[in-house]
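What follows is the residue order along each chain.
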Amino acid sequence: MSVFFDHRAGTNTSSVHTDIQWHPTFALLAVATKIDDADNEAQGAVSLFFDEGEPVEDINIQKNCAPTTMSWHPTRKILSVGWENGDITLWNEHEHEGSCASDGHKAPVNILSWSSNGTRLISGDERGVMIAWRCDSRGQLHQLQNYQKRSSYTHCIFRPVAGGQDPFYNNYTALARAAVEGDETALDMFGTWNKSGMGNSLLSQMYAAESLSCYIGSEDGIIFHIDEKLVLRECANVETMIKSMLIYEAKNILVVVTTTMMLIQFSCAPDGSLSELMKVKLSGKSSITCVVWTGPGLMATVAGEDVVRLWDLDKDNNFSLGGALDQINCLTYSASKRILAGGLVNGKIAMWQHRAGSYAQEHWIVLPAIELSDSFIQIQWSPAHSLLAANNISDVIILNEQPISTSISVQSAVVQISPYHVQLETLDPPNILSIRTDIHIRGVSNSEDHVVLWNSKKIVVYEINEEKNFARLAGTFDIDSPLTAIYQQTVFTADTSSITARNFQGTIKQTMSLAEQEGIPISIDICGHYLVIATDNGFVKGWDISRRESRQYISPKNISESLPDTSLVTKVKINCNGTKIAIQLKKVNGEPDSRLLIWYVEQDILLGYDFSAGQTIHPISENGSADMDYEDLITGCFANPDQKGGVETAAVEQSNSEDVSRRYPREVLWDPLDPRLLVVQASPLSVDIADKSHIKKPTPTGVFRTKSSAEKKPELDDRIVSLFATADNGVLLHDSFPMEPGFHKLLGVSVPSFYFILQPEDVQKADGSISAVPNGNASSGETRTEGLKERVSAVTMRNFVGLEKSNSEVRQAMLDFAYHLTIGNLDEAFKAIKLIKSETVWENMAKMCVKTRRLDVAALCLGHMGHARGAQALRDSANEPELNARVAMLAIQLGMLEEAEQLYMSCGRYDLLNKLYQANNQWSKAIAVAERHDRIHLRSTYYNFARHCELSGDIGAAINGYEKSETHRFEVPRMLFENVQELEAYVIKSKDKKLLGWWAQYLESNGEMDSALQFYQAAEDIMSFVRIWCYCGRFDEAISIASNTNDRAACYHLARQLENQERFTEAVQFYGKAQAYTNATRLCRANQLDSELISYAMYSTEDDMVICARYYEETGANWDKAIMLYHKSGQVGKALELAFEHQQFTALQHITSNLDSSVEPETLHTCAQFFLEHQQYSKAVDLLLLAKKYLEALDICIDKHISITEDLAEQISPEKDAEPEYKRVLFERIGECCMLQGAYHLATKKFTQAGNRVKAMRALLKSGDTEKIIFFAGVSRQKEIYVMAANYLQRLDWRKDPEIMKNIITFYTKGRALESLSGFYDACAQVEIDEYQNYEKALGALSEALKCMNKAKMQDVSSQEAKINFLKRRISLLKKFVQARRTYEEDVDEAMKQCLLLLEEPDLDTGVRSGDIYGFMVEHYATAGDYQKAYHLVQELKQRLPNASLAYYVNNTVLEQIKRNVGLDEPTIGAAETPGIEEEIEEEIPEDFGF
């Protein structure tokens, strides 16, 4: 609740004010004026004003044309002004100078828009010229881009920043750092820094990320987009003039409102392109005059009406706010205050405030209107301050909002009513005195006999005469004191460096100086005879003012240094004996701090309570850490050996903390007589902080920022919290309760009452609208008492209900009882009240036990009260597991139904809450609880509600309740049975089949057959319908109905009746439709209906099937049917016996196809022999397998060449529990059979199951599956299998597959077949020689072969030695050739000599191919140019190997070179040297190039 002070801006009365603009951050108002004074050369000017209307000096922004538009820089004191001649003036308040840009526009400038950080400015004029400017650090404009279009520009809005802000700006120390580094802007901001958090707001804008792209709206409805690279492109066309453009950041939506009242929403893509989402027509009396944001996605419009229409873009609905009582011209919304203001044509300003919660219509309230004068064309809230500017063309009025000033003493309270008017209310006895003065009241303070009023210039003191109900002016003096307090005959004032004690005429009695480092006083409080102050540097200082000279009784303490964070001290409150000081804090960003600190002066420690978490703050030492020793001391004070345990106490503390959590201390007050009692008004953080976290201030460009709805916290209310603060036990939560909606705030506390200020609605009822009274209209010291309404309301404390008039001893005893009960000290609690005999006192104490959850104390209180029923109920509730449920029962017995309701909710006992509501006839609440939380009792709740309504005579509600409880089929007929017509009407209306059937039965009992038939038909009760037709003898109608509906009950009843009528064929038919097959077969046998018998017997029971089969057997005919029924009934043996006996082969085929292992083996074997005789071998095998004659079945497979498949092999396989030897033999037989049939894989599997892995390997080798052979050998781990696998792999092309070669070596090694491995290495060496001429690898392979042969254990030792010698000889020859080739690199001649010697070896070809040696030597001589020598060696090679191809040993190119250089032209040279084989030589000549 607040009052508004009006200040008229000092403007020229002969001028027309065309525009007003508040600075986004500072309290500066720019007013654009069109001057009509002929004596003045200037035709236009812009003036700047402070918050109280004083003009800013040395401002000269004038031109010989009118200003057309203005826009403030978002963070700096820079104002851009557009003029009619196209000039743009940029005025910089920091340097007290302005610059003019006149080279861009030649027509009136109609748009100016800054980016979020102010680095870019967009300007546009009426001729379609648009310019993008860059603003440097000195406030100078530099043109970046010029755009030319035909249409005039009307709107510009910058897009919001994507991705949020840099968290760096949240640290306010960065501002100081930037200032030290020489940033002039930061230096200026740091100079304007104050502890209210404005500096942090500036820093946030200074360091926030910036978006440089924007949307431009033109006069012809075209929307353009300019990206960060200054590229302009058209992105949408609304085809009519744009009235307003807004951006909804949360959904990234551009909202456009046209002059034709069309609302168009566009989705904004990252590249700036727009896609239309929705287009609707807005309603209104005329064209829309103003559009503003009023919440996240909530847009307000006015269109020549006395209501404001709000459009919810998220939910796609709308509603209106009334109460203006006249046409609204303009709108403005303050996001920080959540107040929407509208300027009316009658000179008033209407206001609506949004309360906490959703933005639905019911959460908006109408505030008192402000009466000014003339019709307003423009109003505007300051984004950062509580300032409202109003422009009515001739005047500009600044309304400075200030919270109402209040003060309370022991006997009286003072409440400000208007800027010049306060009301004094004495508390006991109640009395009201009105005081009017001639100063703008900024603050009030009162004592028992005096009231002091002050503002920034003057202090006025009034003396109160309670007997005559009169206020007399006691003194006045001029002084600028932001803080003032009164104590007896002394007025204490504050300045920047001291606290001064003055008399009522202003004479200084004493000056109490403050040290420079202590700072400037920001809060003052007096309680008892103690005074305390707090400074902006966080110091707290106190004096004893009981004597003539005030005495400082505590040393100054720097609270800020004791805190672990950077929170700031805002208010201090001292208790009545000066031992404890309560300290309120706020965060650096201006948000309230949830912590309340209490400085224990004598112990010099800081304790407190955190209302955000709902828990006590541990003692804080000088270094900001918790003092754990003192914490243990306090914790020990709560120990009570008489209590059952800590579980219930913890539950109580948790419940109490949940009640006050998520809040912050808004008002803090000490009791004026008891130094322990502290009372706090705790307001929800979700209102002031959480809302601010998701609703940010709308920027000058119309961007509204919000968080998602998922982040919003649930709605909370203000709570009044009482605490006990003592040195022995710390800070203890005593009680809390919600503040009534009709109260504005907590004003004071004095046992036994709380005192509250009423809400603005009650103030409006008393005085009507709030007037902003001009100076001079109030007489100094005028008082009156007639027609006044109370502004202060007293509420008795819960502990003192009924004790309002008690004496001080009783009050003190009750307060001591509450304190000791809070700490759990029962002995002291009862000592405090042992002398009190009043039943009311014991009842109050019992009620206190509801809050403290002390049921043991409550039982004693109930005993003293004589409340036997309550004591019994408390004992009965002891079985409830939840403490709160037991406490709720106590609350019910004491009549505290609201508390009981909350307790049941807190412990989740909605079943008991449901019973409570039912017992109190709160049926709507009971049903709501049952539907949401107690659905198991939902039907019983509806039933009880119906019974209540029936007893109350509300038949309609009772019927509805019975229907919802699903008991209406019995209860409603019972209730309406006396009124047959009403009952019949209900039955017909309900269309309930059961009710219709019941009513039909009722009519039938009364003999009304025709009516009964109608209701049976409506109820679809076919059986009853048929029953009546049969009763009436109308069987044809009954048969028709039963045949059409096939209702089983109806068919059965009809069949019985037909049987009685000896209409057996029809009876059998309807027994069949009723599925009464036993009765159908009975009638068929009795009446020889053999043809129909089988069809019903097949669906009957097994016993009936056997009876029917015997019937067929006895008749001696239809053997197939008898066999079929025996088989169907499970008597397979009997069926087979009849089939064999009577040669029923078809039936036998059918039976055997369905046989399983449950049939006797002999029967199965007999069937198998039958099929063998008829050459159905597969069927015989299947039956033998069922009979477990596996070997016999296998013999048939072998003899009759029946293919053994995987499935058949599994069927032949023996069971797991069979004898091992039998299993082995059978598996081997299966494997051998599979081998004969070529099923090698299956044979492998069966041999493996038989345990014969060798046979399994042989089967697998025949399959040729290399991969499985390798796998099987690896898992078998048998030497023989390894060797078999290696032998198989050696037959493959192992030369091309290194993996196979590796497996061969591995398997030979694991199989210990070293002789075979040696042979394999020998083969490898030969392959290297023959195919690759790689003697080095061949040498390595032979070496391995020799190692294996040496390790081998052959039976023939002489043969082994021969093989070893042979390998050694080969190795020796290979080594010589390899050595010769290696020597060639160093000594060519030596290498050639070694080669010649090697050629003379007798058994050379056993190790080295002589052709390779010749080839090596030929290539050497050819390379050296000795072609004759090379040719000679070629001839030797041909003589030594006459049948070999030369190209196999010597490169073709080398042979060609030799042929050319020795002069061989004829291809037959050398052929004559080998007579007798001319044809073969001729064939080799081309390959040997003529050699």
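Not measured: the values here are computed from a predicted model.

Participant: Break down the overall build of the protein chain for me, citing the residues and quoting the values.
Facilitator: The helix and strand inventory of the protein chain stands at 51 helices and 64 strands. Counting the 1491 residues in the protein chain, one finds 52% classified as buried. Long-range contacts, defined here as pairs at least 24 residues apart, represent 49% of the contacts in the protein chain between residues at least 6 apart. Here the protein chain has roughly 67,800 Å² of accessible surface; of this, 47% comes from carbon and sulfur atoms.

Participant: Summarise helix α48 (residues 1410–1424); cite the residues concerned and give the values.
Facilitator: Taking 1.5 Å per residue, 15 residues should reach 21 Å; α48 reaches 21 Å between its end C-alpha atoms and fits that length. Most of α48 is tucked away, with twelve of its 15 residues classed as buried. Turning to α48, its buried residues are S1410, G1411, D1412, I1413, Y1414, G1415, F1416, M1417, V1418, H1420, Y1421 and A1422. Against α44 (1314–1332), α45 (1335–1351), α46 (1357–1383), α47 (1388–1399), α49 (1427–1440) and α50 (1452–1461) lie the buried residues of α48. Looking at the residues trailing α48, positive phi occurs at G1425, about 90°.

Participant: If you had to explain empty space enclosed by the protein to someone new, which residues and values would you point to?
Facilitator: Across all of its chains, the model carries five cavities of 30 Å³ or more by this definition. In this structure, the largest cavity spans a volume of roughly 100 Å³. As for the largest cavity, its lining consists of L677, S722, F724, H734, D735, F737, F754, M797, R798, N799 and L815. Listing elements by their share of the lining of the largest cavity, those giving two or more residues are β58 (719–726) and β59 (730–738). Element by element, the count of residues in the lining of the largest cavity is highest for β59, at three residues. Of the residues in the lining of the largest cavity, the class split is six nonpolar, three polar and two charged.

Participant: If you had to explain the environment of S555 to someone new, which residues and values would you point to?
Facilitator: Counting through the fold element by element, S555 comes out in the loop between β48 (551–552) and β49 (557–558). Given the relative accessible area of 56%, S555 is considered exposed. Those residues in contact with S555 that sit more than four places away from it in its chain are V540 and W599.

Participant: Please give an account of helix α16 (residues 910–919) that cites residues and values.
Facilitator: Residues L912, L913, N914, L916, Y917 and Q918 constitute the buried set of α16. Residues of α16 that are buried sit in contact with α14 (883–893), α15 (897–906), α17 (923–932) and α18 (938–952). One or two steps after α16, the chain reaches N921, where phi turns positive at roughly 60°.

Participant: Go over the sheet that holds strand β15 (residues 214–218), please, and point to the residues and values.
Facilitator: Within the open sheet, the four strands sit side by side as β14-β15-β16-β17. Their pairing is antiparallel. With one partner strand each, in any of the chains shown, β14 (153–158) and β17 (232–237) form the two edges of the open sheet. Across the sheet, the mean angle from the axis of one strand to that of its neighbour is 25°, orientation sign disregarded. One ladder, built from four bridges, connects β15 with strand β16 (residues 222–226); its direction is antiparallel. The residue bridging G217 from the neighbouring strand is I223, located in β16.

About the cut-offs
Residues numbered from 1 in each chain as written. Predicted model: local features only at pLDDT ≥ 70, side-chain atom pairs only at ≥ 80, totals over all residues. Heavy atoms only, no water. Helix = DSSP H or I, 4+ residues; strand = E, 2+ residues; numbered from the N terminus. Buried < 20%, exposed > 50% of the residue type's maximum accessible area, 1.4 Å probe, protein only. Contact = heavy atoms within 4.5 Å. Areas by Shrake-Rupley, 256 points an atom, 1.4 Å probe, with all protein chains shown as cover. Expected span 1.5 Å × (residues − 1). 1 Å grid on protein atoms, 1.4 Å probe; cavity = no way out; pocket = protein on both sides within 12 Å on 5 of 7 lines; lining within 4 Å. Points joined across faces, edges and corners; volume = space filled by probe spheres on them. Nonpolar A, V, L, I, M, F, W, Y, C, P; charged D, E, K, R; others polar. Pairing = 2+ DSSP bridges. Axes fitted to C-alpha atoms, helices over the stretch in contact; angles between N-to-C directions.

So far we have only geometry, and geometry alone does not tell us how the molecule works.
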